[in-house]
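Chain and residue survey
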Amino acid sequence: MYGGDVLLRFNISTAEEAKSLAEASDTLLLDVWEFTDDWVDIRLAQELVPSLLGLLPKSMQRSHVPLLRERELAQAIFDTYPAPREHAHNLQAATAVPLPPNQRPIGPAPQPKGAETNIFFDDYQPLNVIHPWMRLLSSLFTTHVRLVNIGKSAQGRDIPALRIGVHPTNDDDPQPSTRKTVLITAGFHAREWISTSTANYIAYTLITGFGKVPSVTNLLQDFDFVIVPTMNPDGYVYTWETDRLWRKNRQQTTIRFCQGMDLDHSFGFQWDGSSTAGNPCSESYAGESAFEAVEAKALADWALNETSQNNVEFIGLLDLHSYSQQILYPYTYSCNDLAPGLEDLEELGYGLEKAIRRAHGHVYEVLPACEGNVAAASGEKKSYLPQMENRGGSGLDWFYHELHVRWAYQLKLRDRGTYGFLLPKEHIVPTGKEVVDAIMYLGEFLQETYMMREKTDAGESQHAKKEGDESRPAVHEEGEEASRLPSEDSWLLVEDLEPEHQPDLKRRRVR
Ligand SMILES: [Zn+2]
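Please read these numbers as outputs of a predicted model, since none were measured by experiment.

Okay, the overall build of the protein chain next. Scanning the protein chain from N- to C-terminus turns up 15 helices and 16 strands. Sequence-distant contacts, at least 24 apart, represent 74% of the contacts inside the protein chain between residues at least 6 apart.

Put into structure tokens, the structure is as follows:
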């Protein structure tokens, strides 16, 4: 169905250009894939290119390059699906989970390297493989995994999640301490398959690392992780069965032929549906009122209930998206409103970036989400250019502001535009690994912040962290841990923070 489509990257240099491009894509109802301060990627039918150029100023007639030409785009779509023969093995792949030591059946030993060689991650997986796979994990690893349900989608599908962590049973304790929890969400936008595979990879690594990798064991003793790989199951199924590039959910709207709302514009904090009101055909349609999108409402209700009824305190959020390799922190809705705790968010953001860069050399940009979502002029004086879509109602902002999740980020994963949403499956494992490295960094940071202790559990080899020691645990292979060298440059110890952040919070002097 995309045989005649191309993906164009427009380079932006002035406010005028950004404005006319935003207006033109609105007028033609074009599919804007991603945008940064320097460029905007737009997918459109080849025959619409002249119409688009006709709406743009002269300076922009030559400012675009094709990222994917017609046949390439169609081929890239085709390539993200498993090959037919491989597909038949998917369900089998779902059961290729190494059993815990005490449950191993007679037969070949599980692969020592775990996820790296697990064929589940050789391909993107459809919903009817992912959900049984999650059930299987929860039934195999009962000591530290539970399957929970966030709620139902617009079309009535479950939105399952894995709660990973070691629960001390608090039944007898009249005032049990709260369970500090990190929430990891993925698949808000259906076509961002790498977010779903990465969430699965994180879950798998934590689950199978428990009891084997000391840093993972420690982490799961201190915190719970709730991982939701498919926040938009209807949309995800639709990308597998009908339209690979579908973004929104599949909810009925007032216009029969334009279904779907954008979950990430549907949350109730600073919701702003004005720019898409009455226009359900827009790719970023926010609905006619806040929380009209069923899945966004389900997640918010679930999270509020966890907080008020189930003794949970959400301390971290990683909302996984693609693409453009960015680590975004609140706020999304406006660059004029600075998040309280901005400095801390920025510092941890740089820590996550560094963990990723060291793992695989991939560079992620760290910036406030409002900047990730507008085109900003280059040059010394930063002025914000017209936005490419409305920015209110994001999940990131809601969790940060309404649920007081202190460490809240949106991660836009690989790549930077070569394939965009059609990232080849060869990236599933490397992307998973680099984000796991970020998670381990986050975990260590949270331990230092909330547990007020170094990781010193007896019997497990640990890093003795000292001032300036930059070593980070790698969870993939024990041998790798030792080879992580303290690094170079640009980091220094901050002495003047509140006591709870001392002694190990490091900050980077310059951006
Ligand atoms: Zn997204």
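The next subject is the confidence of the model for the protein chain. With 77% of its residues at a pLDDT of 70 or more, the protein chain has an overall mean of 82. Confidence drops under a pLDDT of 50 for residues 103-116, and excluding neighbours within four residues, the segment shows 14 contacts in the predicted structure. Contacts from residues 374-384, a stretch scored under 50 in pLDDT, to residues over four places away or in other chains number 23 contacts.

Quick look at the sheet that holds strand β11 (residues 365-368) now. Spatial ordering of the open sheet is given by β5-β6-β8-β7-β9-β14-β10-β11, a layout of eight strands whose pairing is mixed. Across the chains shown, the open sheet's two edge strands, defined by having one partner strand only, are β5 (145-152) and β11. Along the sheet, successive strands turn relative to each other by an average axial angle of 25 degrees, direction set aside. Pairing of strand β6 (residues 158-164) with strand β8 (residues 224-228), which is carried by three bridges, proceeds in the antiparallel orientation. Each residue of the ladder has a partner; that of Ile164, found in β8, is Phe225.

Another aspect to go through is the sheet that holds strand β3 (residues 39-45). Strand order in the open sheet formed by four strands is β2-β3-β1-β4, and the pairing between neighbours is antiparallel. Unpaired on one side and paired on the other, β2 (31-35) and β4 (64-68) mark the two borders of the sheet. The average angle at which neighbouring strand axes cross in this sheet is 30 degrees, direction not considered. Bridge count between β2 and β3: four bridges; the pairing is antiparallel. The residue of β3 that forms the bridge with Val32 is Ile42. On top of the sheet, helix α3 (residues 70-80) reaches β1 (5-11) and β4; it is set at about 110 degrees to β1, its chief contact.

What follows is about the nonpolar core. Ile184, Ile202 and Ile227 are the most contacted members of the largest nonpolar core, which totals 127 residues. Once residues lying within four places of it in the same chain are set aside, the contact partners of Ile227 are Ala161, Leu162, Ile164, Ile184, Ala199, Ile202 and Ala203.

A separate point is unusual backbone geometry. Residue Tyr323 is bonded to the preceding Ser322 through a cis peptide linkage, with omega at -10 degrees. If you trace the backbone, Tyr323 turns up in the loop between β9 (312-322) and β10 (326-329). You will see that Gln270, though not glycine, has its phi angle at about 55 degrees, which is positive. By the element assignment, Gln270 lies in the loop between α9 (233-241) and α10 (294-309). Judged by local crowding, Gln270 falls into the partly exposed class, with 18 C-beta atoms found within 10 Å.

Relative to the helices and strands, Asn128 resides in helix α6 (residues 127-140). Residue Asn128 is classed as partly exposed on the basis of its C-beta count, with 13 C-beta atoms lying within 10 Å. Expressed as a C-alpha distance, the spacing of Asn128 and Val237, which sit 109 residues apart in the sequence, is 8.7 Å.

Here we take up the packing of helix α7 (residues 193-209) against helix α14 (residues 428-451). Look at α7 against α14: their axes get within 9 Å of each other, and the N-to-C directions meet at 60 degrees. Relative to α14, α7 is oriented oblique. Remark: the crossing between α7 and α14 carries right-handed chirality. Contacts from Ile194, Ser197, Thr198, Tyr201, Ile202 and Thr205 in α7 reach Ile428, Thr431, Gly432, Val435, Val436 and Ile439 in α14. For the contact of α7 with α14, the class distribution of residues is seven nonpolar, five polar and no charged.

Once that is clear, we can look at α7. If you check α7, its first and last C-alpha atoms are 24 Å apart, about what 17 residues at 1.5 Å a residue would give, namely 24 Å. Counted residue by residue, α7 has 17 buried out of 17 residues, so it is predominantly covered. The positive-phi residue at the C-terminal boundary of α7 is Gly211, with phi of around 85 degrees.

Calculation rules
- Residues numbered from 1 in each chain as written.
- Predicted model: local features only at pLDDT ≥ 70, side-chain atom pairs only at ≥ 80, totals over all residues.
- Helix = DSSP H or I, 4+ residues; strand = E, 2+ residues; numbered from the N terminus.
- Contact = placed C-beta atoms within 7 Å.
- pLDDT = per-residue confidence, 0-100.
- Pairing = 2+ DSSP bridges.
- Axes fitted to C-alpha atoms, helices over the stretch in contact; angles between N-to-C directions.
- Core = buried A, V, L, I, M, F, W, Y, C linked by C-beta atoms within 7 Å.
- Buried ≥ 20, exposed ≤ 12 C-beta atoms within 10 Å, placed from the backbone.
- Parallel < 35°, antiparallel > 145°, perpendicular 65-115°, else oblique.
- Left-handed = near helix turned anticlockwise from the far one by under 90°.
- Nonpolar A, V, L, I, M, F, W, Y, C, P; charged D, E, K, R; others polar.
- Expected span 1.5 Å × (residues − 1).

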